[in-house]
Amino acid sequence: MVAASSNFDIDTLFFGLSLSASVLVFIPFYWHFQTKNTGTCLFMAWMGLACLVLSINSILWNNSTSNFAPLWCDISAKFLVGANSAISSVSLCINLRLWLVASDRVRTLEVHAKRGVVVIELLLGLGVPVTEMIFRKLHFFRSYRRFDIYEGFGCIAASDNVLLMYLLLLAPQFLLGIASTTFNGAHSRLRYIRR
């Protein structure tokens, strides 16, 4: 039988790892910002802040499941929904940029076209997650709870198993993942051909 104190050690380990990850992910941020690598900067921002939110949640709900901070749960649950959505959309940004570099299209793009690529990356990296957070908010009228609280982990957005959730929340992530995989395959094919 496992002692109760080992659960506290796992929670402490989760807090330490998530807090250190939130700091470590921002170390190369400046270099990517200088090169205008928008997708990578957005990935670091979303993941670093998500790790920070998870570490705060793990402190607040270390040995508790009571709902003593409902406003924080609403904010953190919405942000984690956006961070989960941002993984697929920012992955598409990164793979699109890799494909543009591998196909030498970045060199031939003019200045206004390069700005257009940055705007598209910003719309994908910020617009898609924020839209998903808004759809999650609109989805609450069908749900009897806004979030679930797990001991040692914190607040997670609650979802009901309804068709609207699949259409508005999961289908866009799936389609973004397919598009990202397509650009990744095109990039890999170009690299293989140039060997």
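Residues numbered from 1 in each chain as written. Predicted model: local features only at pLDDT ≥ 70, side-chain atom pairs only at ≥ 80, totals over all residues. Heavy atoms only, no water.

> Got a minute to help me understand the overall build of the chain in this structure?
On a plain count of helices and strands, the chain comes out with seven helices and two strands. Counting across all 195 residues of the chain, residues that qualify as buried make up 36%. When contacts within the chain are restricted to residue pairs at least 6 apart in sequence, those whose partners lie at least 24 apart make up 71%. Counting only carbon and sulfur atoms, one obtains 70% of the accessible surface of the chain, whose full area is about 11,800 Å². (Helix = DSSP H or I, 4+ residues; strand = E, 2+ residues; numbered from the N terminus. Buried < 20%, exposed > 50% of the residue type's maximum accessible area, 1.4 Å probe, protein only. Contact = heavy atoms within 4.5 Å. Areas by Shrake-Rupley, 256 points an atom, 1.4 Å probe, with all protein chains shown as cover.)

> How do you make sense of the side chain of Thr 38 when you look at a structure like this?
Positionally, Thr 38 belongs in helix H3 (residues 38–60). A distance of 3.2 Å separates the side chain of Thr 38 from the side chain of Glu 121, its partner in a polar contact. Residues within four places of Thr 38 in sequence aside, it is in contact with Arg 97, Val 118, Glu 121 and Leu 122. (Polar contact = N/O pair within 3.5 Å; in protein donor to acceptor, adjacent residues only side chain to side chain.)

> Explain the pairing of strand S2 (residues 154–157) to me, please; I cannot follow it from the model alone.
Looking down a regular strand, the side chains alternate between one sheet face and the other. The pairing of strand S1 (residues 147–150) with S2 spans four bridges and is classified as antiparallel. Looking at the pairing, Asp 148 lines up with Ile 156 of S2. Count of turn residues in the S1/S2 antiparallel hairpin: three residues, of which Gly 152 carries a positive phi of about 80°. (Pairing = 2+ DSSP bridges.)

> When you look at the environment of Cys 51 in this model, what are you seeing that I'm missing?
Positionally, Cys 51 belongs in helix H3. For the pair Cys 51 and Phe 15, spaced 36 residues apart in sequence, the C-alpha separation works out to 9.2 Å.

> I'm lost on the confidence of the model for the chain in this one. Help?
Any segment with low pLDDT has predicted coordinates that should not be analysed in fine detail. Looking at the chain as a whole, its pLDDT mean stands at 85, while 90% of the residues score no less than 70. Mean pLDDT per element in the chain: helix H5 (residues 105–108) is the minimum at 67, and H3 is the maximum at 94. (pLDDT = per-residue confidence, 0-100.)

> When you look at helix H4 (residues 70–102) in this model, what are you seeing that I'm missing?
For an α-helix, the turn length of 3.6 residues means that residues three or four places apart are oriented alike. Taking 1.5 Å as the rise per residue, H4 with 33 residues should run 48 Å; its terminal C-alpha atoms sit 47 Å apart, in good agreement. For H4, the principal kink sits at Ala 86 and spans about 35°. Positive backbone phi, approximately 60°, marks Asp 104, located one or two places after H4. (Expected span 1.5 Å × (residues − 1). Bend = angle between axes of the 7 residues up to and from the residue.)

> How should the layout of surface pockets be read in this particular structure?
With a probe scaled to a water molecule rolled over the atoms, the places where space remains empty come into view. Its boundaries defined by the atoms lining it, the second largest pocket holds a volume of some 190 Å³. Surrounding the second largest pocket, 14 residues form its lining, Leu 80, Val 81, Ala 83, Asn 84 and Ile 156 being those nearest its centre. Elements with a contribution of two residues or more to the lining of the second largest pocket: H3, H4 and S2. Here the residues of the lining of the second largest pocket are counted per class, giving eleven nonpolar, two polar and one charged. (1 Å grid on protein atoms, 1.4 Å probe; cavity = no way out; pocket = protein on both sides within 12 Å on 5 of 7 lines; lining within 4 Å. Points joined across faces, edges and corners; volume = space filled by probe spheres on them. Nonpolar A, V, L, I, M, F, W, Y, C, P; charged D, E, K, R; others polar.)

> Honestly, the side chain of Glu 132 in this entry has me stumped. Any pointers?
Position of Glu 132 among the secondary structure elements: in helix H6 (residues 111–138). Relative accessible area serves as the criterion here: at 5%, Glu 132 is assigned to the buried category. Ignoring any residue separated from it by four or fewer positions in sequence, one finds Glu 132 in contact with Val 81, Ser 85, Leu 169 and Gln 173.

> Sorry, what's going on with unusual backbone geometry here?
With the exception of glycine, the majority of residues adopt a negative phi angle, and the majority of peptide bonds are in the trans configuration. With a phi close to 55°, Lys 36 is a non-glycine residue in the positive phi region. Of note, Lys 36 is situated in the loop between helix H2 (29–34) and H3.

> I would appreciate a short explanation of the packing of H4 against helix H7 (residues 163–193) in the present structure.
The geometry of a pair of packed helices is captured by two quantities: the angle between their axes and the separation between those axes. One can describe the packing of H4 onto H7 by two numbers: an axis separation of 8 Å at closest approach and a directional angle of 25°. Between H4 and H7, the angle is such that the two are roughly parallel. Relative to H7, the crossing made by H4 is left-handed. Where H4 abuts H7, its residues Asn 84, Ser 85, Ser 88, Ser 89, Ser 91, Leu 92, Asn 95, Leu 96, Leu 98, Trp 99 and Ala 102 lie against Gln 173, Leu 176, Gly 177, Ala 179, Ser 180, Phe 183, Asn 184, Ala 186, His 187 and Leu 190. Looking at the contact of H4 with H7, its residues break down into ten nonpolar, eleven polar and no charged. (Axes fitted to C-alpha atoms, helices over the stretch in contact; angles between N-to-C directions. Parallel < 35°, antiparallel > 145°, perpendicular 65-115°, else oblique. Left-handed = near helix turned anticlockwise from the far one by under 90°.)

> Mind showing me how you'd approach the packing of aromatic side chains here?
To describe a pair of aromatic rings, you give the distance between the ring centres and the angle between the ring planes. Overall, the coordinates contain six aromatic pairs when judged by the stated rule. Pairing Phe 29 with Phe 33 gives two aromatic rings, centres 6.2 Å apart and planes at 15°, and the pair type is stacked. Placement of both Phe 29 and Phe 33 in helix H2 is noted, with a separation of four residues, approximately one turn of the helix. Between Trp 99 and Phe 183, the aromatic rings sit 5.3 Å apart at their centres with planes inclined by 55°, giving tilted as the arrangement. On the criterion of sequence distance, the pair formed by Trp 99 in helix H4 and Phe 183 in helix H7 is long-range, its members being 84 residues apart. By relative accessible area, which is 18% here, Trp 99 ends up buried. A relative accessible area of 24% places Phe 183 in the partly exposed class. (Phe/Tyr/Trp six-rings, centres within 6.5 Å; stacked < 30°, edge-to-face > 60°.)

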